Amino acid sequence: MQRRNKVKGEGFKRSLMMRYLLLAILVFSFSSQIWAEDVLPIVDHMQLATAPIDRSNMKSIKRGAKFFATNCMTCHTLIYLRYDKVAQDAGITYDKMPINVKVWPNGITPPDLSLEASVRGVNWIYTYLHSFYVDSKRPTGVNNLLVHNTGMSAILAPYQGEQVLAPNPELDLFGKVQWYTILILNRQGSMTPEQFDATTADVVNFLAYAAEPYHIEQHRIGKWVLGFLVVLFVLMYLLKREYWKDVKGK
Ligand code: HEC
């Protein structure tokens, strides 16, 4: 906009523009101050933690499935995993999922998590599960850095412990911040931070499996398919040369 004005030399319009711009900046900074009281503006600079998962680690997936069955399935369904052997072995069966529950606390229905790993990504879920903190203003008593005013309660607190907001979290040299800089572990739960990391990694690994049960199989077959196509290409090329030899020869 400004550049175009300059070319045309419309000085008046430009100063008008500048005024609007200033007004917009003022309004924006004011509104972001209101925002700051409520939400932490620093969260905008938060980076997702990398979920330490290995999709080919079946043991981890099974551990995650067990943890899900006992800790998450009271609220969350996994409807697309209805006929999955791994899930069934862990006790995740359709009849035990809360499919028919109509009334939920605070009126928030917990979402189905079948495709959560594809929708949000594994790093997002891993960070979400880590970043609950005490917030007395919430009906659940907790809030979350990634989903502000989340409806999910502190179901991981017995394991992770109680986290509170750090008084003065600061950005790093790159202008980024990690969830563990923003939150402080006030009281440890039944797990050490390392154990909690490992357990949540298992759960995330299981949710990644839930979203794409054939991921490993697909990659394995995919390599063979590509190899087959390469071989086929070479054979077809040789065949073509053979045919054209005759065509040209005539
Ligand atoms: C007491 C019920 C309850 C339990 C138990 C529970 N959740 Fe939740 N969860 C919720 C509710 C309600 C929401 C919706 C939050 C919102 O959007 O405000 C939610 C949201 C989520 C989300 C984010 C969904 C999104 O995309 O916004 C994830 C991921 C999640 N839960 C994972 C889990 C895992 C993993 C467990 C088990 C370790 C678990 N939950 C146990 C109630 C529960």
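This is a predicted model, so every value here is computed, not measured.

Engineer: Would you mind going over the site of the ligand with me for this structure?
Structural biologist: Taken together, the neighbourhood of the ligand is formed by 22 residues, with C72, C75, P110, G151 and M152 sitting nearest. Ranked by the residues each element gives to the shell around the ligand, the list is headed by helix α6 (residues 122-130), at three residues. Here the residues of the shell around the ligand are counted per class, giving 14 nonpolar, six polar and two charged.

Engineer: Just checking my understanding: could you explain the environment of F67 for this structure?
Structural biologist: Turning to its location among the elements, F67 is positioned in helix α3 (residues 58-71). Its 17 C-beta neighbours within 10 Å are what place F67 among the partly exposed residues. Those residues in contact with F67 that sit more than four places away from it in its chain are T199, D202 and V203.

Engineer: What's the story with the confidence of the model for the protein in this structure? I'm lost.
Structural biologist: Interpreting fine coordinate detail is not advised for predicted regions of low pLDDT. For the protein, per-residue confidence averages 88 on the pLDDT scale, and 87% of positions sit at 70 or higher. Note on residues 1-9: pLDDT is under 50 here. Beyond four places in sequence and across chains, it has seven contacts. Below pLDDT 50 for its whole length, residues 31-37 participates in three contacts with residues either more than four positions away or in separate chains.

Engineer: Where do I start with the nonpolar core in this structure?
Structural biologist: Most often, soluble globular proteins have nonpolar side chains that are buried together. In terms of nonpolar packing, the biggest core is built from 33 residues, with V204, L207 and A210 touching the most fellow members. Sorting the residues of this core by element identifies α3, α6, β1 (132-134) and α9 (193-211) as the ones contributing at least two each. In terms of residue count, α9 provides more of this core than any other element does, nine residues in total. Those residues in contact with V204 that sit more than four places away from it in its chain are A51, I53, V122, I125 and Y126. Judged by nonpolar contacts, the second largest core, of six residues, contains M46, L145, W179 and I182.

Engineer: Before we go on, may I ask you to explain the environment of M191 in this structure?
Structural biologist: Position of M191 among the secondary structure elements: in the loop between β4 (183-188) and α9. Placed 30 residues apart in sequence, M191 and G161 show a C-alpha to C-alpha distance of 7.9 Å. Excluding residues that lie within four positions of it along the chain, M191 makes contacts with Y159, Q160, F196 and T199.

Engineer: Explain unusual backbone geometry here, please?
Structural biologist: When glycine is set aside, most residues are seen to have a negative phi, and most peptide bonds are trans. Its identity is not glycine, yet N106 carries a phi of approximately 60 degrees, on the positive side. Structurally, N106 is set in the loop between α4 (85-89) and α5 (116-119). Residue N106 is classed as exposed on the basis of its 9 C-beta neighbours within 10 Å. The phi dihedral of N149 falls on the positive side, at around 60 degrees, and the residue is not glycine. For N149, the position within the fold is in the loop between β2 (142-144) and α7 (157-160). Under the C-beta neighbour-count criterion, N149 is labelled partly exposed, with 14 such atoms within 10 Å.

Engineer: Whenever I open this one, the packing of α6 against α9 confuses me. Can you help?
Structural biologist: If you want to describe how two helices pack, look at the angle between their axes and the distance between the axes. Where α6 contacts α9, the axes come no closer than 10 Å and their chain directions differ by 145 degrees. Of the two possible hands of crossing, α6 and α9 adopt the one that is right-handed. Side by side, α6 and α9 meet where V122, I125, Y126, L129 and H130 of the first sit next to T200, A201, V203, V204, L207 and A208 of the second. Split into classes, the residues belonging to the contact of α6 with α9 amount to nine nonpolar, two polar and no charged.

So, how was this worked out
The written sequence of each chain sets the order in which its residues are numbered from 1. The predicted origin of the model limits local features to residues at a pLDDT of at least 70 and limits the giving and counting of side-chain atom pairs to 80 or more, whereas totals for whole chains, interfaces and linings rest on all residues. Using a C-beta atom placed from the backbone for every residue, we mark a residue as near a molecule or strand if that atom lies within 6 Å of it. A run of DSSP states H or I qualifies as a helix once it reaches four residues; a run of E qualifies as a strand once it reaches two. Both are numbered from the N-terminal end. Classification used: nonpolar for Ala, Val, Leu, Ile, Met, Phe, Trp, Tyr, Cys and Pro, charged for Asp, Glu, Lys and Arg, polar for all others including Gly. Labels follow a simple rule on C-beta atoms placed from the backbone: if 20 or more others lie within 10 Å of a residue's own, it is buried; if 12 or fewer, it is exposed; otherwise it is partly exposed. Contact between two residues is assigned when their C-beta atoms, built from the backbone, lie within 7 Å. A residue's pLDDT is the confidence the predictor assigns to it, expressed on a 0 to 100 scale. Remark: nonpolar core denotes a set of buried Ala, Val, Leu, Ile, Met, Phe, Trp, Tyr and Cys residues whose joining runs through C-beta atoms within 7 Å. Axes here refer to lines fitted to C-alpha atoms; in helices the fit is confined to the stretch in contact. Angles between the N-to-C directions go from 0 to 180 degrees. The hand of a helix crossing depends on one turn: near helix anticlockwise from the far one by less than a right angle means left-handed, and clockwise means right-handed.

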